[in-house]
Amino acid sequence: MNQEPMTRLGVVGCGVMGAGIAHIAAAAGLDVRVVVSNPTGIPSGFDRIRRSLEQDVRRGRLGEADRDAALERIEVTADVERLADRAFVIEAIPEDEDRKMALLTRIDGLLKDDTAVLATNTSSIPIGRLARATHHPDRFIGVHFFSPVPAMPLVELISARHTSESTRCRTAALLTDTLGKTPIDAPDRAGFVVNGLLVPYLLSAMRLVESGRVTADVVDQGMTLGCAHPVGPLRLADLIGLDVVKAVAEALHREFDEPQYAPPPMLLRLVEEGALGKKTGRGFHPYEQ
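Residues numbered from 1 in each chain as written. Predicted model: local features only at pLDDT ≥ 70, side-chain atom pairs only at ≥ 80, totals over all residues. Heavy atoms only, no water.

> Pulling in residues and values, what's your account of the overall build of the protein chain?
Along its length, the protein chain carries eleven helices and eight strands. By the compact-globule yardstick of 19 Å for 289 residues, the protein chain fits well, its C-alpha radius of gyration being 19 Å. For the protein chain, the spread of C-alpha atoms along the three principal axes comes to 60 × 45 × 35 Å. Taking all 289 residues of the protein chain together, the buried fraction comes to 49%. Taking the contacts inside the protein chain whose residues are at least 6 apart along the sequence as the reference set, 68% of them involve residues at least 24 apart. Summed over all atoms, the accessible surface of the protein chain reaches about 13,400 Å², with 52% contributed by carbon and sulfur. Both charge centroids of the protein chain, one from 33 positive and one from 39 negative side chains, sit 2 Å from each other. (Helix = DSSP H or I, 4+ residues; strand = E, 2+ residues; numbered from the N terminus. Rg over C-alpha atoms; globule rule 2.2 N^0.38 Å. Buried < 20%, exposed > 50% of the residue type's maximum accessible area, 1.4 Å probe, protein only. Contact = heavy atoms within 4.5 Å. Areas by Shrake-Rupley, 256 points an atom, 1.4 Å probe, with all protein chains shown as cover. Lys, Arg positive; Asp, Glu negative; His and termini not counted. Charge placed at Lys NZ, Arg CZ, Asp CG, Glu CD.)

> Quick rundown of the packing of aromatic side chains? Include the residues and the values.
For the structure shown, the criterion picks out one aromatic pair. Geometrically, the ring pair formed by F256 and Y261 is tilted, given 5.7 Å between the ring centres and 40° between the ring planes. For F256, a relative accessible area of 24% translates into the label partly exposed. Given a relative accessible area of 5%, Y261 falls into the buried group. (Phe/Tyr/Trp six-rings, centres within 6.5 Å; stacked < 30°, edge-to-face > 60°.)

> If you had to explain the sheet that holds strand β1 (residues 8-12) to someone new, which residues and values would you point to?
Backbone hydrogen bonds are what pair the strands of a sheet, in a parallel or an antiparallel way. The strand order across the open sheet formed by eight strands is β3-β2-β1-β4-β5-β6-β7-β8, and the pairing between neighbours is mixed. Edge positions in the open sheet fall to β3 (74-77) and β8 (182-185), since each of these has one partner strand only. For this sheet, the mean inter-axis angle between neighbouring strands, taken without regard to orientation, is 25°. Where β1 meets strand β2 (residues 31-35), five bridges bridge the pair, whose relative direction is parallel. Bridge pairing in β2 links G10 to R33. Sheet contacts for helix α1 (residues 16-27): β1, β2, β3, β4 (88-91) and β6 (140-145); angle to β1, the most-contacted strand, approximately 170°. Packing against the sheet, helix α4 (residues 97-110) makes contact with β1, β4, β5 (117-120) and β6, and its axis sits at approximately 170° to β5. (Pairing = 2+ DSSP bridges. Axes fitted to C-alpha atoms, helices over the stretch in contact; angles between N-to-C directions.)

> Hey, could you go over the layout of surface pockets for me, with residue numbers and the actual values?
In this structure, the second largest pocket occupies an estimated 160 Å³ of space. Forming the walls of the second largest pocket are H23, I24, A27, A28, D56, R61, L62, P150, T178, L179, G180 and K181. Looking at which element gives the most residues to the lining of the second largest pocket, the answer is α1, with three residues. Of the residues assigned to the lining of the second largest pocket, the class counts are six nonpolar, three polar and three charged. (1 Å grid on protein atoms, 1.4 Å probe; cavity = no way out; pocket = protein on both sides within 12 Å on 5 of 7 lines; lining within 4 Å. Points joined across faces, edges and corners; volume = space filled by probe spheres on them. Nonpolar A, V, L, I, M, F, W, Y, C, P; charged D, E, K, R; others polar.)

> Can you lay out the pattern of salt bridges for me, pointing to particular residues and giving the numbers?
Once the charged atoms of two side chains with opposite charge are near each other, the side chains can pair. With the rule as written, the count across this model stands at 19 salt bridges. One salt bridge in this structure joins D85 and R86, with 3.0 Å as the shortest N-O distance. For K279, the salt bridge identified is with D243, shortest N-O distance 2.9 Å. Linking K279 in the segment after α11 (265-272) with D243 in helix α10 (residues 242-256), this pair joins segments that are 36 residues apart in sequence. Judged by relative accessible area, D243 falls into the partly exposed class, the value being 27%. One continuous salt-bridge network, built from bridges that share partners, spans D31, R33, E75, R82, D85 and R86. (Salt bridge = Lys/Arg side-chain N within 4 Å of Asp/Glu carboxyl O.)

> If you had to explain the environment of R59 to someone new, which residues and values would you point to?
Here R59 lies in the loop between α2 (42-58) and α3 (64-72). We classify R59 as exposed; its relative accessible area is 53%. A C-alpha to C-alpha distance of 21 Å links R59 and F145, two positions 86 residues apart in sequence.

> An account of the pairing of strand β7 (residues 154-158) is needed here, citing residue identities and associated values.
In regular strands, side chains alternate between the two faces of the sheet. Judged by how many residues are buried, β7 sits mostly within the fold: four of five residues are covered. With four bridges connecting them, β7 and β8 associate as parallel partners. Residue pairing across strands places E156 opposite I184, the latter belonging to β8.

Okay, here's the thing in structure tokens:
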């Protein structure tokens, strides 16, 4: 069976995570094709990737010529069938299990290469559950990047029961040798390793603010100045996106049925109001847009 290098990458979704994945893949020299849900989203999707690359130029991590070359390697399309020739496709749409399952089924039926790997960037849904959407579970794997993707070195690599060792090894090689990330093998359970630890901490901070006894600023100062955390829990939640935190918390609560994972009413209200954190200009803190 031909095991050619995975140089043709597909990304489905061009939000914060999808754009970040496309950014690092193109900067690493890969041929990147990004699929968005609607043709009207093509210009804004490409612009999001361009702005992400611009940040690397401003921070001295990427030269202008390298940025331009990376942009030439990126195509943004609304035609999911353009993924057919990809050697590696990663789904990076929002944390909606039904939507992910439907999308994965469609992509699985398109891939022509019988060694192509299909991955999901889910931050909370068990990989074995999503694998049921594919006819090739041996070539399906969880690849959970962290935000912002260009800056965060860690990636959780999650194999389900039917994921082949070849799929795991080839994906790990892509992450380390090509993309320069540090993967850890995480268990196939809701939240995996990082969110299983992080989300209860974030929800606890929210409950403290919800009690009315302390402000978000005080909570964040307490953890940055008192515990040497680089960012406080509520600013971190705002950076992740409160809608994402809510979705992960709900997935954890469904899986384990423990009170520590239940999203507090304050979080639910903010999400209902569209105050999703930094990306919308307001969450537990205000942000300039």
